[in-house]
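Survey of secondary and tertiary structure
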Amino acid sequence: MCEVFVSANPESYESRTRSVRLHGVITSVRLENLHWEVLEEIAARDGLSVVQLIEKLHDELVQARGAVGNFASFLRVSALRYMALLAHQRIPADLGVPIASLDARAVLSDLPASWTRPPRAPAQAPQR
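Some remarks on the overall build of the protein chain
- For the protein chain, the helix and strand inventory stands at 5 helices and 2 strands.
- When the elements of the protein chain are put in sequence order from the N terminus, they spell out α-β-β-α-α-α-α.
- Seen along its three principal axes, the alpha-carbon backbone of the protein chain occupies a region of about 65 × 40 × 30 Å.
- Buried positions account for 23% of the 128 residues belonging to the protein chain.
- Here the contacts in the protein chain between residues at least 6 apart in sequence split such that 43% fall between residues at least 24 apart.
- Total accessible area computed for the protein chain in this model is approximately 9,300 Å², and 56% of it derives from carbon and sulfur atoms.
- Distance between charge centroids for the protein chain: 11 Å, based on 14 positive and 14 negative side chains.

A few points about the pairing of strand 1 (residues 15–22)
- As paired strands, strand 1 and strand 2 (residues 25–32) are joined by 8 bridges and run antiparallel to one another. Across the sheet, arginine 18 pairs through a bridge with valine 29, a residue of strand 2.
- Linkage of strand 1 to strand 2, two consecutive antiparallel strands, is achieved through a turn of 2 residues, within which histidine 23 is found at a positive phi near 55 degrees.

Quick word on the confidence of the model for the protein chain
- On average, the protein chain scores 88 in pLDDT, and the residues at 70 or more come to 91%.
- Looking at the elements of the protein chain, mean pLDDT is at its lowest for helix 1 (residues 3–6), recorded as 88, and at its highest for helix 2 (residues 33–45), recorded as 97.

Brief notes about the layout of surface pockets
- The computed volume of the largest pocket comes to approximately 1,400 Å³.
- Along its surface, the largest pocket is lined by 29 residues, and Leu57, Glu60, Arg81, Ala104 and Leu108 are the ones closest to its centre.
- Secondary structure elements with two or more residues in the lining of the largest pocket: helix 2, helix 3 (50–65), helix 4 (71–87) and helix 5 (104–108).
- Among the residues making up the lining of the largest pocket, the classes are represented as 20 nonpolar, 3 polar and 6 charged.

Topic: the pattern of salt bridges
- Going through the model one piece at a time under the given rule, you end up with 3 salt bridges.
- Taking the shortest distance from any N to any O, the salt bridge between arginine 18 and glutamate 40 comes out at 2.7 Å. With a gap of 22 residues between them, arginine 18 in strand 1 and glutamate 40 in helix 2 connect regions that are remote in the sequence.
- Residue classification places arginine 18 among the partly exposed positions, given a relative accessible area of 22%.
- For glutamate 40, a relative accessible area of 33% translates into the label partly exposed.
- With a closest N to O distance of 3.4 Å, lysine 56 and glutamate 60 form a salt bridge. With lysine 56 and glutamate 60 both in helix 3 and 4 residues apart, this pair spans about one turn of that helix.
- For glutamate 60, a relative accessible area of 40% corresponds to the partly exposed category.

Details of the nonpolar core
- In terms of nonpolar packing, the biggest core is built from 23 residues, with Val29, Leu31, Trp36, Leu39, Ile54 and Leu75 touching the most fellow members.
- Elements represented by at least two residues in this core include exactly strand 1, strand 2, helix 2, helix 3 and helix 4.
- When sequence neighbours within four positions are dropped, the list of residues in contact with leucine 31 reads Glu14, Ser15, Arg16, Trp36, Leu39, Ala72, Leu75 and Arg76.

About the thresholds
- Residues numbered from 1 in each chain as written.
- Predicted model: local features only at pLDDT ≥ 70, side-chain atom pairs only at ≥ 80, totals over all residues.
- Heavy atoms only, no water.
- Helix = DSSP H or I, 4+ residues; strand = E, 2+ residues; numbered from the N terminus.
- Buried < 20%, exposed > 50% of the residue type's maximum accessible area, 1.4 Å probe, protein only.
- Contact = heavy atoms within 4.5 Å.
- Areas by Shrake-Rupley, 256 points an atom, 1.4 Å probe, with all protein chains shown as cover.
- Lys, Arg positive; Asp, Glu negative; His and termini not counted.
- Charge placed at Lys NZ, Arg CZ, Asp CG, Glu CD.
- Pairing = 2+ DSSP bridges.
- pLDDT = per-residue confidence, 0-100.
- 1 Å grid on protein atoms, 1.4 Å probe; cavity = no way out; pocket = protein on both sides within 12 Å on 5 of 7 lines; lining within 4 Å.
- Points joined across faces, edges and corners; volume = space filled by probe spheres on them.
- Nonpolar A, V, L, I, M, F, W, Y, C, P; charged D, E, K, R; others polar.
- Salt bridge = Lys/Arg side-chain N within 4 Å of Asp/Glu carboxyl O.
- Core = buried A, V, L, I, M, F, W, Y, C linked by side-chain atoms within 4.5 Å.

Below is the structure:
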């Protein structure tokens with residue numbers, strides 16, 4: 001069993017740091033080479049550079065969550081999630097199909113609960 005994993009090219013799990021400018025602020029992101037390759041594939045599907053994809057993910061994460069937290073971990077999970085969605089045939093394997101063209105609700109429907117965020121609780125009216 002382990003040969004499937006142990007036979008990986010060691011370069012794939014070496015880390016690489018890239019400097020990224022997010023809205024004028026330069027930050028460094030350190031990820032394993034395989035994660036960078038997956039992010040490059042995701043970006044290419046939508047005609048983006050990796051930096052443009054990272055900026056878009058950052059902005060949408062801030063909009064959805066209000067904060068970023070551990071952004072490098074988020075990028076790793078995004079790459080893993082993309083590969084898992086491909087494996088489960090939720091995303092077409094055809095790299096010519098942009099991710100932005102997919103119906104997110106259809107892609108995410110009926111996934112295991114641990115794969116999706118809990119629904120937002122309805123806003124409560126202030127008590128008087």
